[in-house]
Structures are given as structure tokens and as C-alpha cells.
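Chain and residue survey
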Amino acid sequence: METTKTLNSSVLDVRNISVSFGGVKPVQDVSFTIKENSFTSVIGPNGAGKTSLFNLLSGMNKVSSGEIIFMGEAIHSIHAHKIAQKGLVRTFQGAKVIRRLTVAENLMMAVKGNPGDNLLGFFNPRARKSFEVKAREEAMRRLDQVGLTKFADEYAGILSGGQRKLLDLSRALMADPKMLLLDEPFAGVNPTLVEKLLTVLAALRKEQSITFLLIEHDLETVMNISDRVIVMADGKIIADGLPKSIYENDLVIDAYLGSRRKDS
Amino acid sequence: MEAFIQPGFWIFVLALAGIYGIFSLGLQIQYGVGGIMNFGHVGMMAVSGYTIAVLVIKYEWSFWWAALAGVILAAFLGALLGLTTLRLSGDYFAIASIAFAEIVRYWILNTDNVTGGTQGTLAIPSPNGFASYTDKPDVILTWISDRLYPIIGDEASRDLSMVLIVWPFFGLFIWLSSRLQKTSWARVLRATREDDDVPRSLGKNVFRFRLQTLIIGSVFGGLAGVFWSVQFALLAPEDFLRIVTFYGWMILILAGATRVKGLFVAAIFFGFLYGATRFLEFWPLSLLSSPERAYLRVFLIGLVIVLLMVKRPQGLFGKRQEMILE
Ligand SMILES: Nc1ncnc2c1ncn2[C@@H]1O[C@H](COP(=O)(O)OP(=O)(O)O)[C@@H](O)[C@H]1O
Ligand SMILES: [Mg+2]
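**Brief notes about the overall build of chain A**
Scanning chain A for helices and strands turns up 10 helices and 10 strands. Over its C-alpha atoms chain A spans a radius of gyration of 19 Å, differing by no more than 12% from the 18 Å that the globule rule assigns to 264 residues. Counting only C-alpha atoms and orienting by the principal axes, one finds that chain A spans roughly 60 × 45 × 40 Å. In chain A, buried positions account for 53% of the 264 residues. Across chain A, the fraction of contacts at a sequence separation of at least 24, relative to all contacts at a separation of at least 6, is 66%.

Encoded structure:
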């Protein structure tokens with residue numbers, strides 16, 4: 001009952017989740033609510049538990065305790081692929097590409113509802129082929145967006161680290177997400193392209209009403225695009241608020257930003 | 001040495017190579033597309049072959065229904081193997097699959113009253129006392145042989161008729177499998193070969209894809225069992241030793257695991273190696289006893305494969321670039 005009430009305002013409702021691996025507790029009693037079509041950044045030093053948090057949200061690891069509600073539905077105990085099908089899609093820190101598929105194939109495999117993904121689809125070649133044509137068109141559009149068009153038919157294994165990030169991001173978009181979890185999408189990408197990507201993300205938010213939760217190491221990069229910043233350290237949330245308030249928060253300065261601000 | 005130039009022997013080898021080729025099609029889709037290392041594939045062929053023999057001899061089924069049952073049972077056992085062990089990581093699955101094939105063989109060995117045990121299918125108890133199961137396919141083989149008579153002007157051997165059946169089917173199966181490998185289903189499967197997390201994060205049920213692949217491969221193993229059972233007309237447990245699975249792997253490695261069409265030539269190449277190494281009886285090898293030469297033969301086949309792997313790790317037909325991508 002409670003979940004249906006919050007449905008209108010929130011897409012994701014994280015309630016007191018924790019995970020432990022033996023003695024290690026990467027995420028401890030974390031709670032937050034994400035509003036529809038918002039843009040939230042998670043920042044924090046290395047080892048703070050940000051990626052571990054994403055692993056829980058995407059179902060790749062299971063919570064030891066707590067609940068995760070996505071669009072009114074408890075998802076903390078269902079399979080990762082089912083969570084993705086519901087529209088909660090993630091990318092990976094360091095970007096994972098399928099090296100022995102071409103760049104275009106990497107994207108095309110992500111499209112939802114492909115009749116050819118089903119073995120029975122083998123007996124319906126016409127439906128399969130027309131879907132493939134559309135998938136390819138969409139893939140080419142996405143590649144154009146991130147400037148990878150000329151690599152479309154090369155193995156993804158030849159891409160550089162930065163290019164793999166772009167591919168990873170484009171691939172997640174191909175899966176028709178309601179909400180995207182991006183794990184450090186800008187690390188290792190050159191500043192001009194970061195600017196361009198930020199524009200792309202802002203446009204996606206506006207045009208496709210995607211909700212964003214993004215991990216970033218550097219607060220400055222996401223200052224302008226975020227309407228909220230969550231700061232993690234040692235598996236816990238230590239600050240949560242408007243970007244500006246985070247920038248001035250003493251706790252955050254101590255835990256994380258102190259040295260950086262002195263530099264600049 | 002005389003047999004070396006005898007066409008009859010090579011025709012037999014060709015028929016056998018085609019059957020091994022069909023057998024290796026199962027490994028190809030499992031490993032070459034899905035990255036699943038199955039070292040128990042021979043179990044599927046054994047199950048299907050024995051199902052046919054038992055159903056026809058003991059229960060007097062028609063060969064064709066028995067063949068269908070054999071392939072279905074092989075597929076079913078593939079599903080069972082997958083459901084119990086496919087969630088294990090690659091290496092552990094490989095070990096479990098060897099154990100699976102051994103269980104099948106031991107079961108056949110020790111269920112005398114059904115399978116004939118050590119004595120093979122000749123000892124299967126039959127209501128009419130007639131332990132043969134190939135009457136239906138033999139009609140077809142004879143028919144082919146009769147048509148060939150005016151062409152080759154001689155009695156065509158059973159092996160030649162088998163070649164003319166096995167190889168077109170092998171071609172058809174390759175074509176079907178290569179069609180399947182062009183679908184988006186196969187694309188997802190190829191992704192699972194490298195990484196579980198990416199397809200999972202995109203909503204693909206990795207386990208389902210793997211299980212389906214294991215079953216399809218088992219169907220090819222079962223089909224090979226149908227042809228095998230006709231070719232030899234009697235079966236024994238020692239026909240289905242682990243080495244048979246490795247012969248299938250050799251063909252696959254020769255072809256290049258991702259190249260399904262390469263299996264056609266690789267099977268012939270394997271047949272030549274397999275046949276030619278039988279004739280290693282000249283000096284100084286003639287000093288060895290015949291069981292020792294049998295070992296030498298397996299050793300030599302292995303050696304050729306190793307050399308090939310060093311020179312062409314992608315197989316005869318694979319793309320080298322695929323092997324070196326990081
Ligand atoms: N599966 C796991 N088993 C054990 N420890 C883990 C596991 N996953 C993460 N950790 C630990 O959790 C801590 C947080 O890591 P991570 O979430 O990657 O941090 P961040 O992404 O903020 O840099 C690290 O100390 C890491 O070693
Ligand atoms: Mg991280």
C-alpha cells in the first residue's frame with residue numbers, strides 16, 4: 001500500500017539496504033528516494049561503496065537486508081535480467097564491451113523485445129529481419145551521437161578505453177531504460193567529449209524522460225547537471241542535498257573534497 | 001600397406017568422418033558460439049544409439065520412431081545435465097560433463113538385461129530372438145546401392161550408401177546451424193561467451209541461452225548417434241569412450257571453433273588423419289606391438305593438432321583477429 005502511494009513522485013525507493021561479504025560491509029544501511037526524471041549524482045572517495053550500491057540496485061548482488069522498490073515493485077530479490085527488463089539499466093565502471101562482437105552488434109544485442117532472441121523466432125525470418133533492420137538503424141543513430149560511426153563494423157575489442165565508455169553508455173540507451181545507473185561514465189573521456197556527453201544526457205532526460213543516477217569521482221564535472229548529490233564514504237551516506245550545499249558541507253570537505261579544493 | 005590404397009577402406013573412413021562431423025556440430029554451437037566446454041558429448045551419442053537398439057530389439061518399435069525417441073532422449077538428457085550443472089563456472093561444468101558421459105557408459109555396461117552389457121546390443125534380449133535393429137534403414141541403403149549399380153558397374157558397398165546419406169545430412173545440418181548462428185539469439189549467446197554481466201544488465205537471461213544451446217548441441221549428438229547406430233549395426237559400451245568426445249573436439253579445433261562451415265572440410269581432414277595413422281606399421285614402427293601402435297596413433301593425431309594450433313590457433317578457417325582481441 002505504501003508503495004503505491006509513493007509511485008507518483010518516486011521511481012526508486014531504497015530502504016535501509018546493506019550488504020556484507022564475509023567481514024566486509026561495502027554498503028551499510030543506505031536509504032534514499034529518487035524522483036521521476038531527476039538527475040542525481042553519487043560521489044565519494046574510492047572504496048566508498050558506490051559501485052557496490054549499483055550492484056545491489058541492478059540485482060547483480062543481493063542485499064543482506066533492506067528493500068529496493070522500483071516503480072512501485074520490490075526488486076531486491078529478483079534476477080538481474082528481470083530488473084533490466086523493467087527498465088532499470090546500468091553501465092559498468094571501466095566499461096565492459098563484448099570484444100568479439102562488432103561495435104554495432106554490441107548495440108543491437110541490447111534492443112528489447114527482439115523476436116530473434118527467442119528460438120521460436122528462428123521460424124519467422126521475416127519478423128526477425130525487419131526487426132534487425134530497425135535495430136541497426138537505431139544503433140547507427142546512437143553511434144553517430146557519440147562519434148563512433150566509423151567503427152560500426154569493427155570488433156569492439158579494438159576500441160580505446162574512452163571509446164568503450166561511449167559504447168557502454170550507448171548500449172544502455174538501446175535497452176530503452178526508464179532509469180539509468182551510470183558508473184563513472186566520464187572517467188578517462190577527454191574534456192571536450194565530456195561536455196558533449198553532458199549535453200546528450202540532459203537532452204535524453206528532457207526528451208525521453210529518463211531518470212539518472214550517476215557515479216562520478218569529481219563533483220565539479222556534475223555540479224551543473226545534477227539537481228541532487230549524494231555523498232558516500234565507508235559504505236554510508238554522509239551527505240545528501242543540492243550540489244551547492246554539498247560543495248559547502250564540512251563533513252564532505254573532510255571526507256573527500258578537502259585536498260582537492262585547496263588545489264584549485 | 002595394401003589397405004592404404006584400397007578405396008573401400010577410405011569410403012568407410014569417409015562415412016565415419018561424416019558422422020563425427022555431425023557429432024562435432026553439437027560441440028561447435030556449444031563452444032564456438034556459447035563458450036560452453038562440454039567434454040561429455042559422447043554421452044548423447046551413446047544415449048541415442050542405445051535407445052534405438054533397445055526400442056527396436058527389445059520393444060519391437062519401428063526404427064524411425066526409435067530414432068526420434070533417441071534424439072529426444074539425448075535432448076532431454078542435455079537439459080537435465082544443464083539444469084543440474086550449467087550454473088557451475090566453465091571449468092567445473094567441463095568436469096561435470098565428463099562425469100555425466102561416464103555415468104551413461106557405466107549404466108549401459110551394468111544394465112545387461114536392457115542394454116546387453118559388455119557384450120553390446122547383440123545381447124539385448126529380443127522377443128523374436130533376433131537382435132538386429134537396422135532393417136528399416138537397410139532397405140534404403142540397399143535401394144541406393146541398387147541405383148548405383150549401373151553407374152559404378154559394381155556392387156556398391158553399404159559404406160558407400162552410408163556416405164551418400166550421411167554427407168548430405170551433414171551439409172543440411174551445417175546449413176541449419178549456420179542460419180541459426182546468424183540470428184540475434186546467437187548474438188546474445190556470443191556475448192555470454194565473453195561475459196555474463198553485460199547480457200544480464202541488458203535483460204538477457206544468460207542461463208536460458210546457455211541451456212538452449214546445450215540442448216541444441218545434444219540434439220546434434222543424438223543425430224550423430226542415429227547415423228552411428230546404422231553405420232555399425234551393433235553397439236558396445238566401448239564404442240563410447242571419452243576419446244570419441246575428443247575426436248569431436250579435434251574436428252572443431254581444426255575447423256576453428258567459430259566457423260561452422262569449416263567443419264565440412266575439417267571432418268574430411270580428420271578422417272584422413274584417422275585413417276592414415278592406421279597404416280603406421282612400417283619399420284621402425286613395426287617393432288612396436290599393435291596395442292602400442294594404437295597409442296601412437298592417438299599421440300600422432302594429437303601432435304598434428306598441437307602443431308596446427310601453434311601455427312594457426314584460429315583453426316583452418318577461423319579469423320586470427322578474433323583470437324587476439326583483448
Ligand atoms: N564482492 C565483493 N566481495 C568483497 N568485497 C567487496 C565486494 N565488492 C566490493 N567489495 C569491497 O567493497 C568496498 C567498496 O568498493 P566499491 O563499491 O567498488 O567502491 P567505489 O565504487 O565507491 O570505489 C571495497 O573495499 C571493496 O573491496
Ligand atoms: Mg566504483
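**A short note on the site of ligand 1**
All names here are of chain A. Every residue lining ligand 1 is accounted for by Phe 21, Pro 26, Pro 45, Asn 46, Gly 47, Ala 48, Gly 49, Lys 50, Thr 51 and Ser 52. Within the contact set of ligand 1, an oxygen atom lies 3.0 Å away from a backbone nitrogen or oxygen of Gly 49. Within the contact set of ligand 1, an oxygen atom lies 2.7 Å away from a side-chain nitrogen or oxygen of Thr 51. Its free accessible area being 560 Å², ligand 1 has 61% of it covered by the protein chains. Per-element tally for the shell around ligand 1: the top contributor is helix α2 (residues 50-57), with 3 residues.

**Re the pattern of salt bridges**
For the coordinates displayed, the defined rule picks out 19 salt bridges over all chains. The residue Glu132(A) makes a salt bridge to Arg187(B) at a minimum N-O spacing of 2.9 Å. Highlighted residues: Glu132(A) in helix α5 (residues 125-146) and Arg187(B) in helix α8 (residues 184-194), drawn from two different chains. By relative accessible area, Arg187(B) is classed as buried at 6%. In this structure, the salt-bridge partner of Arg228(A) is Asp240(A), at a minimum N-O distance of 2.8 Å. A residue pair is termed long-range when its members are at least 10 positions apart, and Arg228(A) in strand β9 (residues 228-233) and Asp240(A) in strand β10 (residues 236-241) qualify at 12 residues. Taken together, the shared-partner salt bridges in this structure form one network comprising Lys96(A), Asp195(B), Asp197(B) and Arg200(B).

**Some details on the sheet that holds β10(A)**
Residues and elements named next belong to chain A. Pairing within the open sheet is mixed, and its 6 strands lie in the order β6-β7-β8-β3-β9-β10. With one partner strand each, in any of the chains shown, β6 (88-90) and β10 form the two edges of the open sheet. For this sheet, the mean inter-axis angle between neighbouring strands, taken without regard to orientation, is 15°. In this sheet, β9 lies alongside strand β3 (residues 39-43) in parallel orientation, the contact comprising 4 bridges.

**Some details on a positive patch on the surface**
A cluster of basic residues, Lys129(A), Arg179(B), Lys182(B) and Lys261(B), forms a positive patch at the surface. Tracing the chain through its elements places Arg179(B) in helix α7 (residues 158-180).

**Details of the environment of Gln28(B)**
Residues and elements named next belong to chain B. The topology assignment puts Gln 28 in helix α1 (residues 7-33). C-alpha separation for the pair Gln 28 and Arg 259, spaced 231 residues apart in sequence, amounts to 8.1 Å. Setting aside its immediate chain neighbours within four residues, Gln 28 contacts Val 33, Ser 177, Gln 181, Leu 252, Ala 257, Thr 258, Arg 259, Val 260 and Leu 263.

**Some remarks on the domain arrangement of chain A**
All names here are of chain A. Taken domain by domain, chain A holds domain 1 (2-96 + 177-257) and domain 2 (98-158). Centre-to-centre, using C-alpha coordinates, domain 1 lies 28 Å away from domain 2. Taken residue by residue, the interface counts 9 residues in domain 1 and 6 residues in domain 2. Interface of domain 1 and domain 2: buried area, both sides summed, is about 460 Å²; carbon and sulfur atoms make up 46% of it. One can count 0 salt bridges joining domain 1 with domain 2. Put simply, domain 1 and domain 2 have 2 residue pairs in polar contact (both at pLDDT 80 or more) between them. Where the side of domain 1 that touches domain 2 is concerned, the elements lending two or more residues are α3 (80-85) and α7 (191-207). The leading source of residues in the side of domain 1 that touches domain 2 is α7, at 4 residues. Classifying every residue of the side of domain 1 that touches domain 2 gives 4 nonpolar, 3 polar and 2 charged.

**Things to note about the coordination of the magnesium ion (ligand 2)**
Residues and elements named next belong to chain A. Only Thr 51 (OG1) and Gln 93 (OE1) from the protein coordinate the magnesium ion (ligand 2), and they sit 2.0 to 2.1 Å from it. In this pair, Thr 51 is assigned in helix α2 and Gln 93 in the loop between β6 and α4 (103-108), connecting sequence segments 42 residues apart. We classify Gln 93 as partly exposed; its relative accessible area is 40%.

**Re the pairing of strand β8 (residues 211-215) of chain A**
Residues and elements named next belong to chain A. Burial analysis of β8 places 5 of its 5 residues in the buried class, the great majority of the element. A two-sided burial pattern is seen for β8, the buried positions comprising Thr 211, Leu 213 and Ile 215 on one face and Phe 212 and Leu 214 on the other. Relative to β8, β3 runs parallel, the two sharing 4 bridges. For Val 42, the partnering residue across the bridge sits in β8 and is Ile 215. Where strand β7 (residues 179-183) meets β8, 5 bridges bridge the pair, whose relative direction is parallel. From the neighbouring strand, Met 179 faces β8, where its bridge partner is Thr 211.

**Describing the interface of chain A and chain B**
For interface size, the figure often reported is the accessible area lost on association. Each side of the interface is counted separately: chain A has 37 residues, and chain B has 31 residues. Of the roughly 3,200 Å² buried between chain A and chain B on both sides combined, carbon and sulfur atoms contribute 58%. The tally of links between chain A and chain B comes to 6 salt bridges. One salt bridge in this structure joins Lys96(A) and Asp195(B), with 3.7 Å as the shortest N-O distance. Of all the elements in the fold, those that place two or more residues in the side of chain A that touches chain B are α3, β6, α4, α5 and α6 (161-174) of chain A.

Cut-offs and rules
Residues numbered from 1 in each chain as written. Chains lettered and ligands numbered in written order. Predicted model: local features only at pLDDT ≥ 70, side-chain atom pairs only at ≥ 80, totals over all residues. Heavy atoms only, no water. Helix = DSSP H or I, 4+ residues; strand = E, 2+ residues; numbered from the N terminus. Rg over C-alpha atoms; globule rule 2.2 N^0.38 Å. Buried < 20%, exposed > 50% of the residue type's maximum accessible area, 1.4 Å probe, protein only. Contact = heavy atoms within 4.5 Å. Near = heavy atom within 4 Å. Polar contact = N/O pair within 3.5 Å; in protein donor to acceptor, adjacent residues only side chain to side chain. Areas by Shrake-Rupley, 256 points an atom, 1.4 Å probe, with all protein chains shown as cover. Salt bridge = Lys/Arg side-chain N within 4 Å of Asp/Glu carboxyl O. Pairing = 2+ DSSP bridges. Axes fitted to C-alpha atoms, helices over the stretch in contact; angles between N-to-C directions. Patch = residues over 30% accessible without salt bridge, like charges linked within 9 Å, V, L, I, M, F, W, Y side chains within 5 Å. Lys, Arg positive; Asp, Glu negative; His and termini not counted. Charge placed at Lys NZ, Arg CZ, Asp CG, Glu CD. Domains from an automatic or database assignment. Buried area = accessible area lost by both parts, 1.4 Å probe. Nonpolar A, V, L, I, M, F, W, Y, C, P; charged D, E, K, R; others polar. Donors = N, O, S within 2.8 Å, 3.2 Å for Na, K, Ca; no water.

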